[in-house]
Structures are given as structure tokens and as C-alpha cells.
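Inside the fold
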Amino acid sequence: MAARASVAGGGRMIDRLRKWYYNAAGFNKLGLMRDDTLHEDDDVKEALKRLPEHIYNERVFRIKRALDLSAKHQILPKDQWVKYEEDHHYLEPYLKEVIRERQEREAWNKK
């Protein structure tokens with residue numbers, strides 16, 4: 001019983017550490033989500049092309065607003081920060097599909 005309590009406590013500790021790191025990174029204070037900050041390599045660029053238009057437009061808005069705030073040396077009011085719980089990885093399913101397709105294409109070309 002005590003072992004289970006320590007494992008559950010360790011999970012909560014890791015979750016608190018993730019939340020702390022998310023807030024310490026600072027991009028959420030500019031209204032950005034995690035996927036907005038990914039380095040745009042070829043896979044990410046292809047995944048962005050596959051996003052539905054409204055999601056892509058929301059991403060562009062967040063990035064433009066963050067650039068404007070950064071140029072003014074400002075951050076959003078705290079009630080407008082993206083919270084850890086609200087940050088969904090909207091690009092991840094598209095990115096996984098692009099990577100899977102690229103790996104499949106590379107494997108096919110090796111034959």
C-alpha cells in the first residue's frame with residue numbers, strides 16, 4: 001500500500017514539474033501553445049499544410065499577436081495566458097502522419 005502511494009505521489013510530482021516548466025518557458029504568457037513554438041522543418045511545414053483552415057488561422061493569429069507583444073516588451077494579462085491544461089497538441093496527429101509517410105517512403109526507396 002505504501003509503495004502505491006509513493007508511485008502516485010511521484011506522478012503528481014512529475015505533473016507539477018511539467019506545469020512549472022510550461023509556465024517557466026514563457027510562451028504561454030504571449031498566448032502561444034506548445035505546437036506554435038515547434039521548429040519548422042520539412043515535416044512540420046507539411047503538417048501545417050494539412051491543418052484545417054480555421055486551426056491554421058488561429059495559429060497565425062497567436063503567432064502575430066505574440067510577435068506584436070514581444071516587440072512592445074509586453075505580455076498578456078494573466079487571465080489570457082494559455083494554461084497547461086488548455087494547451088492541446090493540435091499539430092501532433094498531422095505531424096505523426098507526415099513522419100510515418102516519410103519513413104514509409106524512405107523504406108520504399110531503399111528497396
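Residues numbered from 1 in each chain as written. Predicted model: local features only at pLDDT ≥ 70, side-chain atom pairs only at ≥ 80, totals over all residues. Heavy atoms only, no water.

- Labelled according to an unreviewed UniProt entry, the protein appears under the name Cytochrome b-c1 complex subunit 7, originating from Malurus cyaneus samueli.
- Database annotation for the protein, UniProt heading Function (unreviewed entry): "Component of the ubiquinol-cytochrome c oxidoreductase, a multisubunit transmembrane complex that is part of the mitochondrial electron transport chain which drives oxidative phosphorylation."
- The annotation that UniProt attaches to the protein under Subcellular location (unreviewed entry) is "Mitochondrion inner membrane". (UniProt positions renumbered as here; feature names shortened; annotations may be inferred.)

Details of a nonpolar patch on the surface
- Judged by side-chain polarity, Leu-17, Trp-20 and Tyr-21 come together as a nonpolar surface patch covering roughly 420 Å² of accessible area.
- Assignment of secondary structure puts Leu-17 in helix α1 (residues 2-25).
- Residue class for Leu-17 comes out exposed when judged on its relative accessible area of 55%. (Patch = residues over 30% accessible without salt bridge, like charges linked within 9 Å, V, L, I, M, F, W, Y side chains within 5 Å. Areas by Shrake-Rupley, 256 points an atom, 1.4 Å probe, with all protein chains shown as cover. Salt bridge = Lys/Arg side-chain N within 4 Å of Asp/Glu carboxyl O. Helix = DSSP H or I, 4+ residues; strand = E, 2+ residues; numbered from the N terminus. Buried < 20%, exposed > 50% of the residue type's maximum accessible area, 1.4 Å probe, protein only.)

So, unusual backbone geometry
- Phi at His-73 is positive, roughly 55°, even though this residue is not glycine.
- Mapped onto the fold, His-73 is located in the loop between α3 (53-71) and α4 (92-110).

Section: the nonpolar core
- Of all hydrophobic cores here, the largest spans 18 residues; its most connected members are Val-44, Ala-47, Leu-48, Leu-51, Tyr-90 and Leu-91.
- When contributions to this core are tallied by element, the ones reaching two or more residues are α2 (42-50), α3 and α4.
- Those residues within four positions of Tyr-90 in sequence are excluded, and the remaining contacts are Met-33, Asp-35, Asp-36, Leu-51, Ile-55, Arg-59 and Arg-62. (Core = buried A, V, L, I, M, F, W, Y, C linked by side-chain atoms within 4.5 Å. Contact = heavy atoms within 4.5 Å.)

Section: the pattern of salt bridges
- Inspection of every chain in the model, using the stated rule, returns 14 salt bridges.
- Here Glu-97 ties to Arg-50 by a salt bridge, and the two come within 3.3 Å at their closest N and O atoms. Highlighted residues: Glu-97 in helix α4 and Arg-50 in helix α2, separated in sequence by 47 residues.
- In this structure Glu-97 comes out as partly exposed when scored by relative accessible area, which is 34%.
- The exposure class of Arg-50 is partly exposed, given its relative accessible area of 28%.
- Through salt bridges with shared partners, a single network forms among Asp-36, Glu-40, Arg-59 and Arg-62.

Observations concerning the packing of aromatic side chains
- Enumeration over the complete set of coordinates arrives at 2 aromatic pairs.
- Here Tyr-22 and Phe-27 contribute two aromatic rings whose centre-to-centre distance is 5.1 Å and whose plane-to-plane angle is 80°, an arrangement assigned as edge-to-face. The same class applies to Tyr-22 as to Phe-27, namely buried.
- Judged by centre distance (5.6 Å) and plane angle (75°), the ring pair of Tyr-22 and Tyr-84 falls under edge-to-face. Of the two residues, Tyr-22 is situated in helix α1 and Tyr-84 in the loop between α3 and α4; the sequence distance between them amounts to 62 residues.
- Its relative accessible area of 27% is what places Tyr-84 among the partly exposed residues.
- An aromatic cluster is present here, built from Tyr-22, Phe-27 and Tyr-84 joined pairwise through their rings. (Phe/Tyr/Trp six-rings, centres within 6.5 Å; stacked < 30°, edge-to-face > 60°.)

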